[in-house]
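Given next are the chains, with one letter for each unit.
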Amino acid sequence: EPEVTQTPSHQVTQMGQEVILRCVPISNHLYFYWYRQILGQKVEFLVSFYNNEISEKSEIFDDQFSVERPDGSNFTLKIRSTKLEDSAMYFCASSGQENQPQHFGDGTRLSIL
Amino acid sequence: EDQVTQSPEALRLQEGESSSLNCSYTVSGLRGLFWYRQDPGKGPEFLFTLYSAGEEKEKERLKATLTKKESFLHITAPKPEDSATYLCAVQHGSSNTGKLIFGQGTTLQVKP
């Protein structure tokens, strides 16, 4: 069964450094998402992406965050200058249509030191 | 404000002891309600989608139902392998971007 894959599974970075989290969505999906989950808290929406542009972003997704689909298969989340509070599990998801189920990867655990 | 609340936060059952998990929502028009299962260290795994009040979906020991204010996930004769966190998420009608709003989850432990 097709699945969403994310790399790396764990990323440790110094505060102020840039990080890029990578995702390969399911191949025929058109809608792409990033969510994050701080330890012990709810899964929170960050951004949705469709037709090569951001369709919606949350308050969390400020100027330090960006997303890109550099080719036909990858979908990336970049954090330019990481803060301690960016430490969380980041999940990528994709869906065929916007109201269809979203399928999630197993996440990247981001630890900021 | 859009809100999703799940109860209980944690539930311990004996194997074979049936129960229900609740998801209450307040959104500006419901576009869809989704149930996911999350195992430790893993991403949410899709279980069910419900789109309108009165709709029901079943899969093995799980059955999801939907009313205008809440959804239930019924677990019949659970087994230890059903132990996980169950997440409820909604899409509201004014968003056509697919954004999901999650509840905090119910952590289920089934003891043999």
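What comes next is a walk through the structure. All values derive from a computational prediction rather than experimental measurement. Position labels on residues start from 1 in each chain and follow its written sequence. Whichever chain is written first becomes A and whichever ligand is written first becomes 1, with later ones labelled in order. Side-chain atom pairs in this predicted model are given and counted only at pLDDT of 80 or more, local residue features only at pLDDT of at least 70, and totals for whole chains, interfaces and linings cover all residues. Calculation of side-chain values draws on the structure's entire complement of heavy atoms; hydrogens and water are dropped beforehand.

With respect to the overall build of chain B
Secondary structure follows DSSP: runs of H or I at least 4 residues long count as helices, runs of E at least 2 residues long count as strands, and numbering of each begins at the N terminus. Helix and strand content of chain B: 0 helices and 11 strands. Going residue by residue from the N terminus, the α and β elements of chain B occur as β-β-β-β-β-β-β-β-β-β-β. Relative to a compact globule of 112 residues, whose C-alpha radius of gyration would be 13 Å, chain B shows 14 Å and is just as compact. Projected onto the principal axes, the alpha-carbon positions of chain B cover approximately 45 × 30 × 20 Å. Only protein chains enter the calculation, and the probe is 1.4 Å; a residue is then buried if its accessible area is under 20% of its type maximum, exposed if over 50%, and partly exposed in between. Sorting the 112 residues of chain B into buried and exposed places 46% on the buried side. The criterion used for residue contact is that any of the two residues' heavy atoms lie within 4.5 Å. Partitioning the intrachain contacts of chain B with sequence separation of at least 6 by distance along the chain shows that 56% fall at a separation of at least 24. Looking at charge distribution, chain B has the averaged site of its 13 positive side-chain charges lying 2 Å from that of its 14 negative ones. We compute the radius of gyration from the C-alpha atoms alone; for a globule the expected value is 2.2 Å times N to the 0.38, where N is the number of residues. The sign given to each residue is positive for Lys and Arg and negative for Asp and Glu; His and the chain ends receive no count. Just so you know, the charge point we use is NZ for Lys, CZ for Arg, CG for Asp and CD for Glu.

A word on the side chain of Glu55(B)
Residue and element names in this part refer to chain B. By the element assignment, Glu55 lies in the loop between β5 (45-50) and β6 (56-59). Polar contact criterion, stated in full: a pair of N or O atoms within 3.5 Å, where within protein one must be able to donate a hydrogen and the other to accept it, and residues adjacent in sequence count only if both atoms are side-chain atoms. A distance of 2.6 Å separates the side chain of Glu55 from the backbone nitrogen of Tyr51, its partner in a polar contact. Excluding residues within four positions of it along the chain, Glu55 makes contact with Thr49, Leu50, Ala64, Thr65 and Leu66.

With respect to the interface of chain A and chain B
Many structure descriptions define interface size as the accessible area lost when the parts assemble. Contact with chain A, which involves 20 residues of that partner, is made by 23 residues of chain B. Counting the surface lost from both chain A and chain B, the interface buries some 1,800 Å², and carbon and sulfur atoms represent 52% of this. Contact with chain B buries surface across chain A, with Lys42(A), Glu98(A) and Asn99(A) losing the most and accounting together for 28% of the total. In the sections that follow, a salt bridge refers to a side-chain nitrogen of Lys or Arg positioned within 4 Å of a carboxyl oxygen of Asp or Glu. At the surface where chain A touches chain B, the tally comes to 3 salt bridges. For the salt bridge of Glu56(A) with Lys99(B), the shortest nitrogen-to-oxygen distance reads 3.8 Å. Taken together, the links from chain A to chain B amount to 11 residue pairs in polar contact (both at pLDDT 80 or more). A 1.4 Å probe defines the accessible area here, and the buried area is the portion of it lost by two parts on being joined, summed over both.

Topic: the pairing of strand β1 (residues 3-7) of chain B
Residues and elements named next belong to chain B. Because side chains alternate across β1, one face comprises the buried residues Val4 and Gln6, and the other comprises Gln3, Thr5 and Ser7, none of which is buried. At least two DSSP bridges between two strands are required for those strands to pair. Bridge count between β1 and strand β3 (residues 19-26): 5 bridges; the pairing is antiparallel. What sits directly across from Gln6, in β3, is Cys23.

Here's the deal with the sheet that holds β1(B)
All names here are of chain B. What the 5 strands build is an open sheet, ordered β1-β3-β8-β7-β6; its pairing is antiparallel. Here the strands that pair on one side only, and so sit at the sheet edges, are β1 and β6. Sheet twist, expressed as the average angle between the axes of neighbouring strands with direction ignored, equals 15°. Here strand β7 (residues 62-66) pairs with strand β8 (residues 70-75) via 5 bridges, running antiparallel. If you follow Ala64 over to β8, its bridge partner there is Leu73. To get an axis, fit a line to the C-alpha atoms, keeping to the stretch in contact for a helix; angles then go from 0 to 180 degrees between the N-to-C directions.

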